[in-house]
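Inside the fold
Chain by chain, the residues run as shown.
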Amino acid sequence: MPPRLNKRQLREQEELEALAASKLQHAASDDEDNGAQDDEDVKESLSSQAPVVAKLSSATSAFAALNAGEEEEDEESEEEQVVQAVTKSKKSKSKKKKKKGKAGELAASESATATPPNPGTPPVKKGKGGVAGSSTPGSGKKQEDDPELDEIDRALAEIALKKGGAGSVGPVQGQTSRGLDPIWNRVKEVYSFDPKFLDSDAELRRMFGSKVINSTPQTQRSMHHARFANNPHHSTSIRRTPSYLAQPEPGWFPAAGVLTLSRYSGPETISDPGEWWTYEHSQRYREAQLGFLEVLQQADGNRLYNVLEALPYHVDTLMQLSEMMVQQGDLGASSTHLSKALYALSAPLPPSFPSGNFRLPYSKIENRAFFTGIARKVAILVKRGTWRTACEWAKIALGAGGEADPVGMLCFIDFLAPKAKQNTWFLDLLVALPAAYPEMRIEAYPGLAYAKALCLRSMEEERPTGLEKSTEALKSAILRFPMVLILLLTQLGGDIPPKILSHRRAQLDGAFTDNSSYMLSLLSQFYSSRSSPLWKEPALLSWLQKIAREVAGSLDDSSLEDVRVGERLWSTGPWPKGFVPTGVVRAAYISEIAALRPYLPPAALSGTSYSYDPIPPSRSDPNATFYDDVYLAPLYSSSSSRGRRRGAPAPGTGLAPGALEALRNQLMGLLGMGGEGQAVDLNPELREQLLQELQELARMGAAGEGVPGGFPGQAVDDVSDDEAVEERDEGVDEGEGEEDEENEERREGFLGRFVQYLRGGGGAPAPE
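Given the structure is predicted, the values throughout are model-derived calculations rather than measurements. (Residues numbered from 1 in each chain as written. Predicted model: local features only at pLDDT ≥ 70, side-chain atom pairs only at ≥ 80, totals over all residues. Heavy atoms only, no water.)

Description of the overall build of the protein
- In terms of helices and strands, the protein carries 30 helices and three strands.
- Counting all 768 residues of the protein, 40% fall into the buried class.
- Put simply, of all contacts in the protein between residues at least 6 apart along the chain, 69% involve residues at least 24 apart.
- Element-wise, carbon and sulfur atoms account for 53% of the exposed surface of the protein, whose accessible area totals about 42100 Å². (Helix = DSSP H or I, 4+ residues; strand = E, 2+ residues; numbered from the N terminus. Buried < 20%, exposed > 50% of the residue type's maximum accessible area, 1.4 Å probe, protein only. Contact = heavy atoms within 4.5 Å. Areas by Shrake-Rupley, 256 points an atom, 1.4 Å probe, with all protein chains shown as cover.)

Right, dumping it as structure tokens:
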């Protein structure tokens, strides 16, 4: 007598029998034309599966006694396996239906030649079992019955139906917002970009083929122990998810949480309805930033790696190392450091980043690394010759700045757009920006006018039409900005008409001046230095000389609109007198074009400026922030800084008592009180301030107050730091607590002023 089966085995046997019965039912409900053949196929399949079912049932009966005491978790796992077997059988059945459907279509096409259908009869859709029915969402026939849809398509279709029949579920990017004005819709379209064009390696593969450009470059050897480097599950071996701005390499740490984004509601949001954000720095990041500033003052590049040990994705440190590697000729390491910085900046970016609505205020010090990093990335891509990728990166920096253009991307786009054949996009940009941002004054950029002529000619050459539009655009550019023509023909060796060569509006300033034509000279030099190779093609050079000869006699014809605009820009200047667009000056400052150095303002050359913040905003701007005492205030006011009175180091500085003594000696050396004499030449005002700080330091030391970290001679209690903090927090003695708070404020103000002096005047002194 066979042993009794438990509940799980009985349920398994019933499901196998139900599966066999369902196959018979599905086979019986097929089309009548192929019914007999289908029954034979099903019977053959069932006969082939019968031994398997018998083996399964016998196996369950043979091991019934052993499995009688299994738990319910085993029963659930067996149920999941049965469900998977049922889904596999459904997939095989759908494949058979596809084969039968193809045979039916062939038969229908043969019969259609003999009996054409009635054109007035609408096609009838069939539901399950071949019964004609409705295909509306409310008819109960869901799209999951369609074998052509995969699981993701079915899920999206169900979500659309639940939301009220929202039609097709498609990508959001590229759709215009109904709530925005048409002017801002056009701005959003020209500022949007496609993330797939941000990969320069992909562009090289499109140009030269994947065989020439290896699509799988060799990964760097891991710096970790072989036990971790060879472990595919270790964090150093896991390939990180690609971000918008960087393709992480194996071995990179995750960048999530290093930086965060928050919504911004400053004055820039009034005139621009985009989505304004700003980066936020945590206390840990501020500590690393303070350490980075100290390393810069010490001029020891090797100590930058100490900052990365504390925070591997400190953006300013990574970009500083990238600049150092460029100077040393190691372009590979430079690109790696820059990619890591961009990877950290990309981690908190919202999903709407490519839509063209993303904005960042350059006035905030936390956001400037974003623009500086992208500007350096564009310069690297231009050297690499990946024009399409460089143009997409330039769109990011231009769009994120709104109307500010803080790093002068318009001076890159007038070269990149014609070179990358982005003709239609460039013409749309010239229409959208003046309507939305009249303060940008793009009509004053000579490079945009000449680039427009090149883009129009490229579009006209693609179609068998004349060159009327491009010729008119080139005439307009020469009449408005004749100095660009002289620079281009001089560099390309062309013939310059004498009337243009001697015209007053064609004369360059050659350096920084107070003339109203200064900005036109700077922008003309900028465009000709970078974009002259675009005109060296013989057909374009001859076209340029021909149009120059035609308009040479019309430079003083005031009846022409282009001449009037050119005269106004040259005589009064495109911007108010005394105003210089910092974006253009900043772009000239960070560029490697030697001809632009004389045009830089004296303040840009003589003032204190670092590579992490080139040409910072004016301190008269109330919205501008800097790495000063306001930025470092959370470090002073944090609860962890209270323990510094007992000899604990300052947050992020690692300043122990011995280090503070070294700082005092350094201050005395600056004042010339050491044995080696005066170290630096100080002006009287700064020397007087440093003397006052040294006197205050001596008075506090004599009174036994000390400074954060403590100088030699400070009494160190036998009580531990934790006990001292606990005693102070409890407030045992109220009068002593008030005195401690006063001394703490004095010490914090001194530390802020002292670090500021060591930094070279990077911010305003702390209030007393």
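Back to the text.
A few points about unusual backbone geometry
- The phi angle at Ala299 is positive, at roughly 55°, despite the residue not being glycine.
- Tracing the backbone shows Ala299 in the loop between helix 9 (283-298) and helix 10 (304-310).
- Backbone geometry places Asp405, a non-glycine residue, at a positive phi of 45°.
- Along the chain, the position of Asp405 falls in the loop between helix 14 (387-400) and helix 15 (410-419).
- For Asp405, a relative accessible area of 5% corresponds to the buried category.

Side note on the pattern of salt bridges
- One pass over the full model with this rule turns up 14 salt bridges.
- In this structure, Arg376 and Glu323 form a salt bridge, with 3.4 Å as the shortest nitrogen-oxygen distance. A residue pair is termed long-range when its members are at least 10 positions apart, and Arg376 in helix 13 (residues 368-384) and Glu323 in helix 11 (residues 315-328) qualify at 53 residues.
- Accessibility expressed as a relative area gives 28% for Glu323, which makes it partly exposed.
- With a shortest N-O distance of 3.2 Å, Arg480 and Asp562 are connected by a salt bridge. Taken as a pair, Arg480 in helix 18 (residues 468-480) and Asp562 in helix 23 (residues 561-571) lie far apart in primary sequence, 82 residues in all.
- Here the salt bridges do not stand alone but share partners, grouping Arg504, Arg505, Asp556 and Glu567 into one network. (Salt bridge = Lys/Arg side-chain N within 4 Å of Asp/Glu carboxyl O.)

Comments concerning the sheet that holds strand 2 (residues 275-280)
- Spatially, three strands are ordered 1-2-3 in an open sheet, and the strand pairing comes out mixed. The open sheet has two edge strands, strand 1 (260-263) and strand 3 (358-359), and neither has a second partner.
- Two strands pair when backbone bridges link them, and strand 2 and strand 3 are joined in this way by two bridges, in the parallel orientation. Within strand 3, the position partnered with Glu275 by the bridge is Phe358. (Pairing = 2+ DSSP bridges.)

Things to note about helix 22 (residues 538-551)
- Compared with the 20 Å implied by 1.5 Å per residue over 14 residues, the 20 Å span of helix 22 between its first and last C-alpha is a close match.
- Three or more residues of helix 22 are buried, namely Leu540, Leu541, Trp543, Leu544, Gln545, Ile547, Ala548 and Val551.
- The secondary structure elements touched by the buried residues of helix 22 are helix 17 (446-462), helix 18, helix 19 (482-492) and helix 20 (498-501). (Expected span 1.5 Å × (residues − 1).)

Some points on the nonpolar core
- Counting 142 residues, the largest nonpolar core has Phe370, Tyr450 and Trp535 as its most contacted members.
- In terms of residue count, the dominant contributor to this core is helix 17 (nine residues). (Core = buried A, V, L, I, M, F, W, Y, C linked by side-chain atoms within 4.5 Å.)

Some words on the side chain of Thr389
- Along the chain, the position of Thr389 falls in helix 14.
- Of the residues examined, Thr389 reaches a relative accessible area of 0% and is grouped as buried.
- Reaching out from Thr389, the side chain makes a polar contact with the side chain of Glu203 at a distance of 2.5 Å.
- Excluding its chain neighbours within four sequence positions, the residues that come into contact with Thr389 are Phe197, Leu198, Asp199, Ser200, Glu203 and Leu381. (Polar contact = N/O pair within 3.5 Å; in protein donor to acceptor, adjacent residues only side chain to side chain.)

Observations regarding helix 14
- For helix 14, which comprises 14 residues, the first-to-last C-alpha distance of 20 Å matches the rise-based estimate of 20 Å (1.5 Å per residue) to within 8%.
- Counting buried residues in helix 14 gives 13 out of 14 residues, a clear majority hidden from the surface.
- Where helix 14 ends, the next residue or the one after it, Gly402, has phi of about 70°, a positive value.

Let's talk about the packing of aromatic side chains
- By the definition in use, this model includes 23 aromatic pairs.
- Pairing Trp184 with Tyr437 gives two aromatic rings, centres 5.4 Å apart and planes at 70°, and the pair type is edge-to-face. Here Trp184 is found in helix 5 (residues 182-191), whereas its partner Tyr437 is found in the loop between helix 16 (423-436) and helix 17, with 253 residues between them in sequence.
- On the basis of an interplanar angle of 75° and a centroid distance of 5.3 Å, the ring pair of Phe193 and Phe353 is categorised as edge-to-face. In this pair, Phe193 is assigned in the loop between helix 5 and helix 6 (200-208) and Phe353 in the loop between helix 12 (331-346) and strand 3, connecting sequence segments 160 residues apart.
- For Phe193, a relative accessible area of 4% puts it in the buried group.
- Through a chain of ring-to-ring contacts, the aromatic side chains of Phe193, Tyr244, Tyr279, Phe353, Phe358, Tyr362, Phe370 and Phe371 assemble into a single cluster. (Phe/Tyr/Trp six-rings, centres within 6.5 Å; stacked < 30°, edge-to-face > 60°.)

A closer look at the state of the cysteines
- For the coordinates displayed, the defined rule picks out zero disulfides.
- With no disulfide partner, Cys455 has as its closest neighbouring cysteine sulfur the one in Cys391, 9.4 Å distant.
- With a relative accessible area of 0%, Cys455 lands in the buried category. (Disulfide = S-S within 2.5 Å.)

Some thoughts on the side chain of Glu392
- Positionally, Glu392 belongs in helix 14.
- Judged by relative accessible area, Glu392 falls into the buried class, the value being 1%.

Structural notes on the packing of helix 21 (residues 518-531) against helix 24 (residues 582-590)
- Close contact between helix 21 and helix 24 brings their axes to 12 Å; oriented N to C, the two are set at 45°. Overall, the two elements helix 21 and helix 24 adopt an arrangement that is oblique. The two elements helix 21 and helix 24 cross, and the hand of that crossing is left-handed. Counted together, Met519, Leu522, Leu523 and Phe526 of helix 21 and Val584, Ala587 and Ala588 of helix 24 form the full contact between these two elements.
- Of the residues contributing to the contact of helix 21 with helix 24, the split by class is seven nonpolar, no polar and no charged. (Axes fitted to C-alpha atoms, helices over the stretch in contact; angles between N-to-C directions. Parallel < 35°, antiparallel > 145°, perpendicular 65-115°, else oblique. Left-handed = near helix turned anticlockwise from the far one by under 90°. Nonpolar A, V, L, I, M, F, W, Y, C, P; charged D, E, K, R; others polar.)

Thoughts on the pairing of strand 2
- With four bridges joining them, strand 1 and strand 2 adopt antiparallel strand pairing. Within strand 2, the residue paired with Ser262 across the bridge is Thr278.

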